[in-house]
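Each chain, written out:
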Amino acid sequence: MTDSYLRMSGAQRRRLLDQALAIRGWVCCLCGLSIAPGDESLQHIVPRSKGGTNSLENLAPAHRSCNSSAGNRPTSGPAALIHSGLAYFTRPIMPRTTPMPRRVVLLCGPPGAGKTTEAHRLADLEGLTIYDADDEEWDHTHGATFTAALTRVGADPHARAVVISAGATRTARDTQAMRIKATEVRILTEDRTTLVHRVRTRNRPHPPMRQQIAAIDDWLRRFEP
C-alpha cells in the first residue's frame, strides 16, 4: 500500500507541521532543544513503517537532523533513543526572531524532467512550501485559485516556496517569475528518449499516456533556452 504521507502535497505537509508547532511549540521532540525557524520538520512519534498515522496525536516537531537520525525508531516509550546528550547539558535557546531569508525557486521543465522530485528535495532540505498546479488542492486548470496563491507568494516578503511550472518559453518563465518574485529560476530537462521513458515508468493514469508524451513533444518544440 502506498504511504499516504508521501501522497500529500508540500502544502498539505506544511499545514500539518504548522499545526504541530502550534500545539507542541518550537521544541524538538527528540533532543528537547528549541527549534530555530527553517530547521523544523515533522516527526511521526510512531513511525509510518510501524503503523503510525498522520493524525496530530502522532505528530510532533523535530530538528531536521534529529528527524533524519531517528530513522524509523519510535520517539516515545521504552524503545525511544535520546538523540543527543546535549539535551542534558545545554540550556534550550529561544527560536531566533529574525526570519529566514526570502527564497522562492521556480522549477520549469517538460513532463518527466524530475520537477516534482526536485521540489520535494528542496522542500525537505530547506523547508520550502511546494506549489504545483497539478496538486489535488487546486482546480487542475491553472485557474484563478492557483494564480491567486502565487500572487500571495510574490507579495510575501518572507516567502519560502518552490513553484512548479512548464515554462517552455522565455515569456512564460519571465511572467511566472515576476508573479512570484522568484529568487531563482531552474530549467530541468533531458533528451526526449529519457523523458518518455520516465513518463512511461511512473505510469500515471491521468492524463492518458499519449497526452503526456504529446506534452513532452510540445514542450521540446516550444522550448527557448
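What this report covers is the structure whose coordinates are included nearby. (Residues numbered from 1 in each chain as written. Predicted model: local features only at pLDDT ≥ 70, side-chain atom pairs only at ≥ 80, totals over all residues. Heavy atoms only, no water.)

### Let's talk about the packing of aromatic side chains
Okay, step 1: Taken as a whole, this structure holds 1 aromatic pair when the rule is applied.
Okay, step 2: Measuring from centroid to centroid gives 4.6 Å for Trp219 and Phe223, while their planes differ by 15 degrees, and the two rings are stacked.
Okay, step 3: Since its relative accessible area comes to 2%, Trp219 is described here as buried. (Phe/Tyr/Trp six-rings, centres within 6.5 Å; stacked < 30°, edge-to-face > 60°. Buried < 20%, exposed > 50% of the residue type's maximum accessible area, 1.4 Å probe, protein only.)

### Some details on unusual backbone geometry
Okay, step 1: Cis geometry marks the peptide bond from His206 to Pro207, where omega comes out at -5 degrees.
Okay, step 2: By secondary structure assignment, the location of Pro207 is in the loop between α7 (192–202) and α8 (209–222).
Okay, step 3: Notably, Lys181 is not glycine yet its phi reads approximately 55 degrees, a positive angle.
Okay, step 4: Topologically, Lys181 is positioned in the loop between α6 (170–180) and β6 (184–187).
Okay, step 5: Although it is not a glycine, Asn203 adopts a positive phi angle of roughly 55 degrees.
Okay, step 6: When you line up the elements, Asn203 lands in the loop between α7 and α8.
Okay, step 7: Using a relative accessible area of 54% as the deciding quantity, one classes Asn203 as exposed. (Helix = DSSP H or I, 4+ residues; strand = E, 2+ residues; numbered from the N terminus.)

### Let's talk about the sheet that holds strand β3 (residues 103–108)
Okay, step 1: Read from one edge to the other, the open sheet built from 4 strands follows the order β4-β5-β3-β6, with strand pairing classed as parallel. A single partner strand is all that each edge strand has here, and the edge strands are β4 (129–132) and β6. Averaged over all adjacent pairs, the angle separating strand axes in this sheet is 20 degrees, with direction ignored. (Pairing = 2+ DSSP bridges. Axes fitted to C-alpha atoms, helices over the stretch in contact; angles between N-to-C directions.)

### A word on α6
Okay, step 1: Burial in α6 covers these residues: Arg173, Gln176, Ala177 and Ile180. Considered in projection along α6, the buried side chains sweep an arc of 100 degrees and stay on one side of the axis. α6 presents Thr171 and Met178 as exposed residues on the side facing more than 90 degrees away from its buried surface.
Okay, step 2: Packing partners of the buried residues in α6 comprise β3, α5 (144–155), β5 (160–165) and β6. (Arc of directions from axis to C-beta. Contact = heavy atoms within 4.5 Å.)

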